[in-house]
Amino acid sequence: MVEFFQLSERERLDALESVANTSGRPPHLLEKDIWVVWSLRHLFTGPYAEHLVFKGGTSLSKAYHVIRRFSEDVDLTYDIRAIAADLIGDAAAPLPVSKSQEKKWSKEIRARLADWVKAEIAPRLMQDLEQQGLSASVRTEDDKIFLHYAPLTAGTGYVAPAVMLEFGARSTGEPSEPRAIHCDAAVHLQEVAFPAAIAQTMRAERTFWEKATAIHVFCAQGAFRGGDRFARHWHDVTRLANAGFAEAAMVDKALAQAVATHKSVFFPEKDTGGNVIDYHAAVSGGLQLVPAGEALEKLALDYQHMVDDGLFLDAPEPFEHLLERCAAIQDKANAP
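Right, let's walk through the structure included here. Given the structure is predicted, the values throughout are model-derived calculations rather than measurements. Position labels on residues start from 1 in each chain and follow its written sequence. Two thresholds apply to this predicted model, a pLDDT of at least 70 for residue-level local features and 80 or more for giving and counting side-chain atom pairs, whereas whole-chain, interface and lining totals are computed over all residues. Hydrogens and water are ignored here; the side-chain numbers use all heavy atoms of the structure.

Points about unusual backbone geometry
Note the cut-off: By definition, any uninterrupted DSSP run of H or I lasting at least four residues is a helix, any uninterrupted run of E lasting at least two residues is a strand, and each is numbered from the N terminus. When a residue's accessible area, from a 1.4 Å probe over protein chains only, is under 20% of the maximum for its type it is buried; when over 50% it is exposed; and in between it is partly exposed.
Note that the residue after Glu-174, namely Pro-175, is joined by a cis bond; omega there is -5°. With respect to the helices and strands, the residue Pro-175 is situated in the loop between strand 6 (162-168) and strand 7 (176-182). A positive phi is found at His-65, a non-glycine position, where the angle reads about 55°. With respect to the secondary-structure elements, His-65 resides in the loop between helix 3 (57-62) and strand 3 (74-78). Overall, the relative accessible area of 56% leaves His-65 in the exposed class.

Notes on the packing of helix 7 (residues 204-221) against helix 11 (residues 279-286)
Geometrically, a packed helix pair is captured by the angle between its two axes and the distance between the axes. The following threshold applies: Convention adopted: a line fitted to C-alpha atoms gives each axis, helices being fitted over their contacting stretch, and angles between N-to-C directions are expressed from 0 to 180 degrees. When an angle is under 35 degrees it counts as roughly parallel; over 145 it counts as roughly antiparallel; between 65 and 115 it counts as roughly perpendicular; any other value is oblique. Contacts between residues were defined by any pair of non-hydrogen atoms, one from each residue, lying within 4.5 Å. Three categories are distinguished: nonpolar for Ala, Val, Leu, Ile, Met, Phe, Trp, Tyr, Cys and Pro, charged for Asp, Glu, Lys and Arg, and polar for the others, with Gly belonging to the last.
For the pair helix 7 and helix 11, interaxial distance at closest approach is 11 Å and the crossing angle is 105°. Taken together, the axes of helix 7 and helix 11 are roughly perpendicular relative to one another. Contacts from Trp-209, Thr-213, His-216 and Val-217 of helix 7 reach helix 11 at Tyr-279, Ala-282, Val-283 and Gly-286. Class assignment of the residues belonging to the contact of helix 7 with helix 11 gives a composition of 5 nonpolar, 3 polar and no charged.

Some points on helix 2 (residues 27-43)
The criterion, for reference: Helix span, as expected, comes to 1.5 Å for every residue beyond the first.
A rise of 1.5 Å per residue sets the reference length of helix 2, with its 17 residues, at 24 Å; its end C-alpha atoms lie 25 Å apart and thus fit the reference within 8%. Of all 17 residues in helix 2, 15 are buried; the element is thus mostly enclosed.

So, helix 7
The end-to-end C-alpha separation of helix 7 is 26 Å, in line with the 26 Å expected for 18 residues at 1.5 Å each. Among the 18 residues of helix 7, 15 are classified as buried, and the element is accordingly described as predominantly covered. Once helix 7 finishes, Gly-222 follows within two positions and takes phi at roughly 75°, a positive value.

Examining the pairing of strand 5 (residues 144-149)
Defined as follows: Pairing between strands is defined by DSSP: at least two bridges between them are needed.
Two strands pair when backbone bridges link them, and strand 4 (residues 136-141) and strand 5 are joined in this way by 6 bridges, in the antiparallel orientation. Bridging across to strand 5, Arg-139 finds its partner in Phe-146. Turn length for the strand 4-strand 5 hairpin, with the two strands adjacent in sequence and antiparallel, is 2 residues, and the turn residue Asp-142 shows positive phi of about 60°. Here strand 5 runs beside strand 6; their pairing, made up of 5 bridges, is antiparallel. Bridge pairing in strand 6 links Phe-146 to Met-164.

Quick look at the packing of aromatic side chains
Each aromatic ring pair is described using two quantities: the centre-to-centre distance and the angle formed by the ring planes. For the record, the criterion: A pair of aromatic rings is counted whenever rings of Phe, Tyr or Trp (Trp by its six-membered ring) have centres within 6.5 Å, and the orientation is called stacked for planes under 30 degrees apart, edge-to-face for over 60 and tilted otherwise. Only lysine NZ and arginine CZ atoms are considered, and such an atom sits over a ring when it is within 6 Å of the ring centre and within 35 degrees of the ring normal.
Tallying each qualifying case throughout the model produces 15 aromatic pairs. Relative to Phe-312, the ring of Tyr-303 lies with its centre 5.4 Å away and its plane at 50°, an arrangement referred to as tilted. Like Tyr-303, the residue Phe-312 is buried in the burial classification. In this structure an aromatic cluster arises from ring pairing among Phe-4, Phe-5, Trp-35, Trp-38, Tyr-149 and Phe-194. In this structure, Arg-139 is placed above the aromatic ring of Phe-146, and the distance from its NZ or CZ to the ring centre is 4.2 Å.

Laid out in structure tokens, this is it:
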């Protein structure tokens, strides 16, 4: 069986077009998915793998198969206990005990993480690309790495021909477990060997609370910390509910409080009135998943952009239906 990246450019394009015809998936998304999995294989076979945890929407797609949309970038946690053991010391939990200590920790961790990404990840990634003769380049930007590849196909421009590896290092990433990762194209073209990986992955129950609290903040602020392209989070929480992970997360009160505590310490936010957003209240009966006013208009527009670029693997549900489902999840989470 020949490996995908050992094929000629023409053969790789033919393979993508063949899978696109079989699966109904746009070829530019199939191509980016292959680069995502290649990147995960590189990371989780490297010397730093023991301290990494794969998380976020792409983990829900690639590791848990609970979301039916294309997820393009890779979010990772580098264990805070590995990068900041001297700061944590003998503390029972890897959390600063005061706001001033949090600022000190965060500043130091961001600096260390950026140095680590530049000195450790980027050179090894570039070496791997060169050894395999792959047409791609590596660019670092603080705690992010961008793997820019020469695309064989083009989309609408909403999805760029680059894989962003975004690292954080202010949590342990727990709970997590090893999960098998495969390319979406693999099942449709079995005579070609596509990249595959085993990645230590954040449990989907924690991802639910990470996303639900991020949505809660958006509803209170009308903006998203991560910039644009945020409608995916609303889609994801409904799929987590479908798969039973949302209900399991709601039952796990300790996990909900742990996420709330971590965000309260490291990611405090204020609403439009200048009031501090209470994460503990959000996970204890005060969760808001449906925005209003201008925030709702922004969400609707971003959701339409996702639809237009073919990011959904199935026929996309109407925006109004998505909001109805989120309202139902909100009610269930807030029930006594």
